[in-house]
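For reference, the chains in residue letters:
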Amino acid sequence: MHKHYTVRFIKGALPLRTPTEHYFLDPELGQQKDILTEDDVYCSCLAKTLCHVPVPVTVGFYAPFGCRLHMMLDKITALMQQEASQREEEELRRVQWQPRPVGGWGFPRLLWYLVFLQPVITELHLRRKNVKFLFIRFSAWQYAGTDKLWAGLVTTLCEGIRHHYGALPFSVYSVLGNKPATTPGFYQREWHCRRRVCLALLALLAALGLGVGLLYLSVGARPLAHGAASGSLLRVFGGAATTLSGSGLLMAVYSVGKHLFVSQRKKIERLVSREKFGSQLGFMCEVKKEVELLTDFLCFLEIYQRRRLRVVLEVTGLDTCYPERVVGVLNAINTLLSDSHAPFIFILVVDPSILAACLESAGSMKGTADNGYLFLNRTVTLPFSVPIMGRRTKLQFLRDAVQSRDDLLYREMTRKLRPGGGGRGGGEGTQLLAVETQAGAERTQSRTQSRVDAEAARRIQEALFCLHDERDCLYEYVPDNVVSMRRIVNTVPITVRLLQQQDGDLAGPTPRQAVAWVVLANQWPCRLSWALQCLEDRQQAGGAPEAHVRLWDVFCDNSRELHSMTKALQNVLDLDGDPELFERFLGSDFPFTLAEAQSLLRCTVNLDHSIRRRMGLIRAVSALKPPSPPKSPAHDAPHAADRANHAPGAFRAGQGAGPAQARAGEAHPPRDWAHGGMPRPVA
């Protein structure tokens, strides 16, 4: 029974890949919107939240390794872009103002605004709902070898913005730009003329024109005797005016060119490469200045384009780095978030257990992050733990993994059988007859091989279909990890082909049993290896059970012994999945017998046999009984004499009584012959 979600979805947001389309009714819109899987619901809710959340914000995208992270990030990116387009259309209908372009014919206009106008943050700008997202993905694994991983994060952010808007606008803003001003109250005007810049530029141009004019007059004037002094004076004033104005203009052009060729990335790399600069007090202050300049430039572009800008930085691969590198990246994120007006959205894609362990083991965080989870909670302002994969999501991923193996599934359709040729007439030589016979044999062999390949393709298709069949329970045992799904799908064809080569057309394990065995070996390698090792040891001892006995019964008979070896096999036991699912798998859903297990074991390629060898060695060592320590004669003599003195009737037993009489004396109570042979009470 499907759940009904009150979430708006844009039809066509994601490509339809399932054969059956699931529809849900949105009460707000009164229309039907298609939802493919459970992941689409989670991604849509997170995308809509990120479109309205106040910035800056750090999203903790928590999930274990290989848990469809990049696929969900791609979905979130697409949904956020579609939400931005929808809000852009709504804002255009509301205010009838087109956003100003930053490229093409709008580029000269952008430069004019950068030089001569100053932006003003008005209430009209703050009420704007349209937004544009700039997505930048940072893979920490690519910078894992460097000592300054955090510098790679900052430089990637700066380089991404510079690449998107161009190097020249940011260079001009770095030299001539001004921080956006704020005005109290409702103020409509968003731009102010920069009078100082205009006056300075007019003064420089006037001085340059005056100097050029004076030089022209001094050169073009007639060489009169009384005018020689005045011509020299004109040349002096003209040269001075031209030099001063020209040097001022050249300095501005030089500064813009310097920022054009020396980017922020090179600046930060140069700061990092300086010896002992990282230990100076103003190091992070210099980095913060560069970040503030970038933030002001983005604010200028917001007012110019008449839309809000959000920079989404997706940080991946952080849980594969050294602990000190992880600490540096988190410190860099805190530095970027220190500005309350920074339009940054950080999506931290990590495994929280690994990240917490890195923070706790980092030497520089002693006393600060003794509890890694608490430190992570202070950094993350929006936690989002990737939920367990739902039924439709798992079936969708399994279908995608199966459809990627079209070379196996459609071999029967694409492979063309060679047509068999008819026999030639008589009257030809013996050599031609031999050639024909050889060609006929090759054609027969080719047709046989084609039939074998077609049968193998049919079995592989049947086995893979069991993985994503909703009526079958096998998909419930497939893990949520996408890497494990692909490993299972890639292993099934090998196992099925080996079974075909082993059994041929004889009755053997079915394709469904083959794919179930692959899932069993992938999910519970330790428990399966233990059951197989116990079965092998029993066969070697000569007490092999009957073929119809279940493999689950063999495991249950030896489970206590496995529990006693938990400490020695701890690393191997960590590879297994849920024990309750293992019991249900072998106990009820797939009760493999010993005959089926022996047949499938010879075709198993995804089970590490070193686990069985290790279990066999541990079991053999534990079965050895330690020898009893040798008895010392000098140590046993006093004890023997003491027993002889205190034992009743020992004197008579020592005077020639045999072993039987001695045992009889031990078995019966001693008698007192002085009292008529009646038994004497023993204390």
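Residues numbered from 1 in each chain as written. Predicted model: local features only at pLDDT ≥ 70, side-chain atom pairs only at ≥ 80, totals over all residues. Heavy atoms only, no water.

> How would you summarise the nonpolar core if you had to cite specific residues and measurements?
In terms of nonpolar packing, the biggest core is built from 66 residues, with Ile161, Tyr165, Leu318 and Phe344 touching the most fellow members. It is helix H10 (residues 283–305) that contributes the most residues to this core, 10 residues altogether. Counting 60 residues, the second largest nonpolar core, distinct from the first, contains Leu474, Tyr475, Phe592 and Leu600. (Core = buried A, V, L, I, M, F, W, Y, C linked by side-chain atoms within 4.5 Å. Buried < 20%, exposed > 50% of the residue type's maximum accessible area, 1.4 Å probe, protein only. Helix = DSSP H or I, 4+ residues; strand = E, 2+ residues; numbered from the N terminus.)

> So what about the packing of helix H19 (residues 511–523) against helix H20 (residues 525–540)? Which residues, and what values?
Where H19 contacts H20, the axes come no closer than 5 Å and their chain directions differ by 105°. The angle between the axes of H19 and H20 places the two elements in the roughly perpendicular class. Within the contact between the two elements, H19 uses Trp517, Leu520, Ala521, Asn522 and Gln523 and H20 uses Pro525, Leu528 and Leu532. Each residue belonging to the contact of H19 with H20 can be placed in one class, and the counts come to 6 nonpolar, 2 polar and no charged. (Axes fitted to C-alpha atoms, helices over the stretch in contact; angles between N-to-C directions. Parallel < 35°, antiparallel > 145°, perpendicular 65-115°, else oblique. Contact = heavy atoms within 4.5 Å. Nonpolar A, V, L, I, M, F, W, Y, C, P; charged D, E, K, R; others polar.)

> Report on the sheet that holds strand E6 (residues 181–182), specifying residues and quantitative values.
Strands sit in the order E6-E4-E7 across an open sheet of 3 strands; the sheet is mixed. Only two strands of the sheet have a single partner each, and these edge strands are E6 and strand E7 (191–193). (Pairing = 2+ DSSP bridges.)

> If you had to explain the sheet that holds strand E9 (residues 344–350) to someone new, which residues and values would you point to?
Pairing in this open sheet of 5 strands is parallel, and the strands run E5-E8-E9-E3-E10 from one edge to the other. Among the strands making up the open sheet, the edge pair consists of strand E5 (131–139) and strand E10 (382–385). Across the sheet, the mean angle separating the axes of adjacent strands is 20° when strand polarity is ignored. Lying over the sheet, helix H1 (residues 38–52) contacts strand E3 (57–62), E5, E9 and E10, oriented at roughly 170° with respect to E10. Along the sheet, helix H5 (residues 149–165) contacts E5, strand E8 (308–316) and E9; its crossing angle with E5, the most-contacted strand, is approximately 140°.

> Just give me the short version of the packing of aromatic side chains, but keep the residues and values in it.
Tallied over the full model, the rule gives 21 aromatic pairs. Residues Phe133 and Phe135 carry aromatic rings whose centres are separated by 6.1 Å and whose planes lie at 35° to one another, so their mutual orientation is tilted. Taken together, the aromatic side chains of Tyr113, Tyr165, Phe170, Tyr173, Trp191, Phe297, Phe300 and Tyr304 make up a single cluster linked through ring pairs. When the ring centre of Tyr304 is taken as reference, the NZ or CZ atom of Arg100 above it lies at 5.6 Å. (Phe/Tyr/Trp six-rings, centres within 6.5 Å; stacked < 30°, edge-to-face > 60°. Lys NZ or Arg CZ within 6 Å of the ring centre and 35° of its normal.)

> Go over the pattern of salt bridges with me, naming the residues and quoting the values.
Counted under the stated rule, the structure contains 25 salt bridges. A salt bridge links Glu462 to Arg458, with the nearest nitrogen and oxygen atoms 3.3 Å apart. Of this pair, Glu462 and Arg458 both sit in helix H17 (residues 430–467), 4 residues apart, which is roughly one turn of that helix. On the basis of relative accessibility, which here comes to 37%, the residue Glu462 falls in the partly exposed class. For Arg458, a relative accessible area of 38% corresponds to the partly exposed category. Here Arg584 makes a salt bridge to Glu476, at a shortest N to O gap of 2.9 Å. A residue pair is termed long-range when its members are at least 10 positions apart, and Arg584 in helix H24 (residues 579–589) and Glu476 in the loop between H17 and helix H18 (482–503) qualify at 108 residues. (Salt bridge = Lys/Arg side-chain N within 4 Å of Asp/Glu carboxyl O.)

> Any chance you could break down the UniProt feature "transmembrane region" (unreviewed entry) in the chain for me, citing the residues and the numbers?
The residues that UniProt annotates with the feature "transmembrane region" (unreviewed entry) are residues 197–217 and 237–257. The span residues 197–217 shows a helical share of 100% and a strand share of 0%, and its end C-alpha atoms are spaced 30 Å apart. (UniProt positions renumbered as here; feature names shortened; annotations may be inferred.)

> Talk me through the side chain of Glu91; I want residue IDs and the actual numbers.
Looking at where Glu91 falls in the secondary structure, it is placed in helix H2 (residues 69–95). A polar contact is formed between the side chain of Glu91 and the side chain of Arg94, at a distance of 2.6 Å. With residues up to four places along the chain from it excluded, the contact list for Glu91 reads Gln96, Arg128, Lys129 and Asn130. (Polar contact = N/O pair within 3.5 Å; in protein donor to acceptor, adjacent residues only side chain to side chain.)

> Report on unusual backbone geometry, specifying residues and quantitative values.
The amide bond that connects Val55 to the next residue, Pro56, takes the cis arrangement and shows omega of 0°. Here Arg306, not a glycine, exhibits a phi torsion of approximately 60°, which is positive. Within the secondary structure layout, Arg306 lies in the loop between H10 and E8.

> Describe the packing of H20 against helix H26 (residues 609–623), and please don't skip the residues or the numbers.
Taken N-terminus to C-terminus, the directions of H20 and H26 make an angle of 55°; their axes are 9 Å apart at the nearest point. Considering their axes alone, H20 and H26 lie oblique with respect to each other. Read as a crossing pair, H20 and H26 show a hand that is right-handed. Listed contacts from H26 to Pro525, Cys526, Ser529, Trp530, Leu532, Gln533, Cys534, Glu536 and Asp537 of H20 are Ile611, Arg612, Met615, Gly616 and Arg619. (Left-handed = near helix turned anticlockwise from the far one by under 90°.)

> Kindly report on the side chain of Arg307, identifying the contributing residues and their values.
Note on placement: Arg307 falls in the loop between H10 and E8. Engagement of the side chain of Arg307 in a polar contact is seen with the side chain of Glu88, the distance being 3.4 Å. In contact with Arg307, not counting residues within four places along its chain, are Glu88, Pro99, His125, Arg128, Asn130, Lys132 and Glu302.

> Go over the pairing of E9, please, and point to the residues and values.
Among the 7 residues of E9, 7 are classified as buried, and the element is accordingly described as predominantly covered. Burial along E9 is two-sided: the face carrying Phe344, Phe346, Leu348 and Val350 and the face carrying Ile345, Ile347 and Val349 are both buried. Sheet topology note: the E3/E9 ladder contains 6 bridges and is parallel. By the bridge assignment for E9, Phe61 is matched with Val349. As paired elements, E8 and E9 share 5 bridges and run parallel to each other. Across the sheet, Val311 pairs through a bridge with Phe344, a residue of E9. Crossover connection from E8 via helix H11 (residues 323–336) to parallel E9: handedness right-handed. (Right-handed = clockwise from strand over helix to strand, strands pointing away.)

> Describe the environment of Met389, naming the residues involved and giving the relevant values.
Tracing the backbone through its elements, the reader meets Met389 in the loop between E10 and helix H14 (391–403). Separated by 92 residues in the primary sequence, Met389 and Asn481 place their C-alpha atoms 8.8 Å from one another. Among all residues touching Met389, those that are not within four sequence positions of it are Arg68, Lys394, Phe397, Asp480 and Met485.

> Before we move on, can you summarise a nonpolar patch on the surface with the specific residues and values?
Taken together, the side chains of Ile494, Leu498 and Val605 define a hydrophobic patch exposed on the protein surface, amounting to about 230 Å² of accessible area. Looking at where Leu498 falls in the secondary structure, it is placed in helix H18. By relative accessible area, Leu498 is classed as partly exposed at 34%. (Patch = residues over 30% accessible without salt bridge, like charges linked within 9 Å, V, L, I, M, F, W, Y side chains within 5 Å. Areas by Shrake-Rupley, 256 points an atom, 1.4 Å probe, with all protein chains shown as cover.)

> How would you summarise the pairing of E3 if you had to cite specific residues and measurements?
With 6 of its 6 residues buried, E3 lies for the most part within the structure. The alternating pattern of E3 places Val57, Val59 and Phe61 on one face and Thr58, Gly60 and Tyr62 on the opposite face, and all of these are buried. Taken together, the 4 bridges between E3 and E10 define a ladder with parallel strand orientation. Bridge assignment links Gly60 to a residue of E10, and that residue is Pro383.

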